[in-house]
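Structure at a glance
What follows is each chain in one-letter form.
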Amino acid sequence: IVMIALFAMIAFVTNLCSPMGVIVKNQFGTTNFMAMIGNYGNFMAYLVMGFPAGMMIKHWGYKRTALIGLLVGITGIIVQWLSGWGGMVVYLIGALISGCCMCILNTVVNPMLNLLGGGGNRGNQLIQTGGSLNSLAATLTPMLAGAMIGEITKETSLKDVSPLLLVAMAIFAVSFCIIYFTKLEEPETEHTNVMEGLKGALGYRHLVLGIIAIFFYVGVEVGIPGQLLSYLGTPGGVLGNMTVAGAIAALYWLLMLVGRFASSVLSGKIAPRTQLTSMTVLAIVLLLVAIFMPEDVKMTLRGAEVPAKVLPIILCGICTSIMWGVIFNLATEGLGKHTASASGLFMTMVVGGGLMPLLQDMLAKQVGDINSYWLVVAMLAFILYFAAVGSKVKKA
């Protein structure tokens, strides 16, 4: 229960970046890229903190590492709160610190849920249950932010986000107290130096392929709705209205919530490899339909007339919903005492969520938004290879 609650909290803090990015843009008159650089900072923090977080688990255990992560999170929120007076640089530093917190907690939560379930179907089921709460928090956070901040105008500043940040700090503080007084059974970890731990984990071929697969997966998860927003909402796009485009793209995240909830129920009976293979094939088919469907075939969605190819892109949310948990489950299967190091390595690859969508956006400027999805198809093809062949437990 504690690990699942942490999973939800990770999404809450991560998704604060979007409303704060809008405020940053208005307050400092920055570009869209600069406004969302706090979000990119969250992803970059995984690259910096991923493996050190795994080493922290090795030396201090899962419970103490989680407590340290929460203290880092409180620090990050305080720095972001101070940015109301200190300016954008202080805000970005706070976002990076908060990203380090999210990385540490992810490094703890995923292996703990998998190990508590004994790996296999049950381990995947617990991760998907945590993922369901994660998606629910991700869906509710923008709504809570909107209710607490109200209408954003040119006069709105980071100071006006103080109530929201105070709520986040309170959540961190309560979580710290709960975990401090909760007895957690510590799984076995290897007590070796950094290089030996790294060598031990990377000695498993399926882990190496899983690390590459998760790098591509996060790029797929973020890139699908991100490029859809560009296709629909940017000036000169299909709608040219970012508000309506955002409402349509939000359906993708809603379907991720539905997919994770369904998987949390079904994962006890359906093997992780079967889930990943079938959902990856379906995602590839949906994107190919979107790429080849004629532009003039229209449909009405959220009160707006849009090309029908938007629908299969949105439906990919069902497919991507289960991938994170299943890839982690398969990649760490049979690693035993090397799981902590593997989890740290795994988390560094979340940086793919910052790099691959950026590459897709650059490609879209050359070939168009819809044709840029060929890059997503290619990434899904590797994930399919991992599901069908590369995920079989094997030492290199």
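Now for a look at the structure at hand.

What counts and what doesn't
- Numbering of residues starts from 1 in each chain and follows the order in which that chain's sequence is written.
- At least 70 in pLDDT is required for a residue's local features to be given in this predicted model, at least 80 for side-chain atom pairs to be given and counted, and no such filter applies to totals for whole chains, interfaces and linings, which use all residues.
- With hydrogens and water stripped out, all remaining heavy atoms of the structure feed into the side-chain values.
- Whether a residue is buried, partly exposed or exposed follows from its accessible area with a 1.4 Å probe, protein chains only, as a fraction of its type maximum: under 20%, in between, or over 50%, in that order.
- Think of it this way: any DSSP run of H or I at least four residues long counts as a helix, any run of E at least two long counts as a strand, and we number them from the N terminus.
- Two strands are said to pair when DSSP picks up at least two bridges between them.
- Contact criterion: two residues are considered in contact whenever any of their non-hydrogen atoms come within 4.5 Å of each other.
- When a carboxyl oxygen of Asp or Glu lies within 4 Å of a side-chain nitrogen of Lys or Arg, that pair is called a salt bridge.
- Each polar contact in these results corresponds to two N or O atoms within 3.5 Å; when the atoms are within protein, one needs to be able to donate a hydrogen and the other to accept it, and residues that are neighboring in sequence are counted only if both atoms are side-chain atoms.
- Only buried residues count toward a nonpolar core, which is a set of Ala, Val, Leu, Ile, Met, Phe, Trp, Tyr and Cys residues joined through side-chain atoms within 4.5 Å.
- Here a pair means two rings of Phe, Tyr or Trp (six-membered ring of Trp) with centres within 6.5 Å. Their orientation is stacked below 30 degrees between planes, edge-to-face above 60, and tilted elsewhere.
- By this rule the span expected of a helix is its residue count minus one, scaled by 1.5 Å.
- Where helices are involved, their axes are fitted lines through C-alpha atoms of the stretch in contact, as for all axes, and angles between N-to-C directions lie from 0 to 180°.
- When describing relative orientation, an angle under 35 degrees is termed roughly parallel and one over 145 degrees roughly antiparallel, while 65 to 115 degrees is termed roughly perpendicular and anything else oblique.

Brief notes about helix α14 (residues 339-348)
Along α14, 10 of the 10 residues are buried, which leaves the element largely enclosed by surrounding structure. Turning to α14, its buried residues number three or more, namely Thr339, Ala340, Ser341, Ala342, Ser343, Gly344, Leu345, Phe346, Met347 and Thr348.

What about the pairing of strand β2 (residues 304-307)?
Here strand β1 (residues 298-301) runs beside β2; their pairing, made up of 4 bridges, is antiparallel. Its bridge partner being in β2, Thr300 is matched across the sheet by Glu305. The antiparallel hairpin formed by β1 and β2 contains 2 residues in its connecting segment, where Arg302 sits at a positive phi of about 55°.

Points about the environment of Gln227
Locating Gln227 in the fold gives a position in helix α9 (residues 205-233). Counting along the chain gives 22 residues from Gln227 to Ala249, while the straight-line C-alpha distance between them is 9.6 Å. Not counting chain neighbours up to four residues away, the residues in contact with Gln227 comprise Gln360, Asp361, Ala364, Asp369, Ser372 and Tyr373.

Topic: the pattern of salt bridges
Under the criterion given, the structure shown has 2 salt bridges. Lys309 is the partner of Glu295 in a salt bridge, and the nearest nitrogen-oxygen pair spans 3.9 Å. You can see Glu295 sitting in the loop between α11 (272-292) and β1 and its partner Lys309 sitting in the loop between β2 and α12 (310-320), a full 14 residues away along the chain. For the salt bridge of Lys365 with Asp361, the shortest nitrogen-to-oxygen distance reads 2.7 Å. Placement of both Lys365 and Asp361 in helix α15 (residues 352-367) is noted, with a separation of 4 residues, approximately one turn of the helix. Residue Asp361 is classed as partly exposed on the basis of its relative accessible area, which comes to 25%.

Topic: the side chain of His206
If you trace the backbone, His206 turns up in helix α9. A polar atom in the side chain of His206 sits 3.4 Å from the backbone oxygen of Ala331. Only 2.8 Å separates the side chain of His206 from the backbone oxygen of Glu333, close enough to count as a polar contact. Ignoring any residue separated from it by four or fewer positions in sequence, one finds His206 in contact with Leu330, Ala331, Glu333, Leu335, Phe386, Gly390, Ser391, Lys392, Val393 and Lys394.

Considering the nonpolar core
Phe172 and Ile327 are the most contacted members of the largest nonpolar core, which has 108 residues in total. By residue number, the principal contributor to this core is helix α4 (residues 37-86), which donates 15 residues.

Comments concerning the packing of aromatic side chains
Enumeration according to the criterion identifies 9 aromatic pairs in this entry. The interplanar angle of 80° and the centroid separation of 5.8 Å between the aromatic rings of Phe292 and Trp374 together place this pair among those described as edge-to-face. Of the two residues, Phe292 sits in helix α11 while Trp374 sits in helix α16 (residues 373-390), which places them 82 residues apart along the sequence. Between Phe328 and Phe346 the ring centres are 4.9 Å apart and the planes differ by 90°, which places this aromatic pair in the edge-to-face class. You can see Phe328 sitting in helix α13 (residues 323-331) and its partner Phe346 sitting in helix α14, a full 18 residues away along the chain. For Phe328, a relative accessible area of 0% gives the class buried. Phe346 gets classed as buried once you look at its relative accessible area, which sits at 0%. Of the aromatic side chains, those joined through ring pairs into one cluster are Phe215, Phe216, Phe382 and Tyr385.

Notes on α16
In an α-helix, one turn spans 3.6 residues; hence positions three or four apart end up facing the same way. Helix length check: α16, at 18 residues, gives a terminal C-alpha distance of 24 Å against a target of 26 Å (1.5 Å per residue), a fit within 8%. Taken residue by residue, α16 has Tyr373, Leu375, Val376, Val377, Met379, Leu380, Phe382, Ile383, Phe386, Ala387 and Gly390 as its buried positions. The secondary structure elements touched by the buried residues of α16 are α9, α11, α12, α13 and α15.

Focus on the packing of α15 against α16
One way to put it is that α15 packs onto α16 with a least axis distance of 9 Å and a crossing angle of 140°. As judged from the angle between their axes, α15 and α16 are oblique. Counted together, Met356, Leu359, Gln360 and Leu363 of α15 and Tyr373, Leu375, Val376 and Met379 of α16 form the full contact between these two elements.

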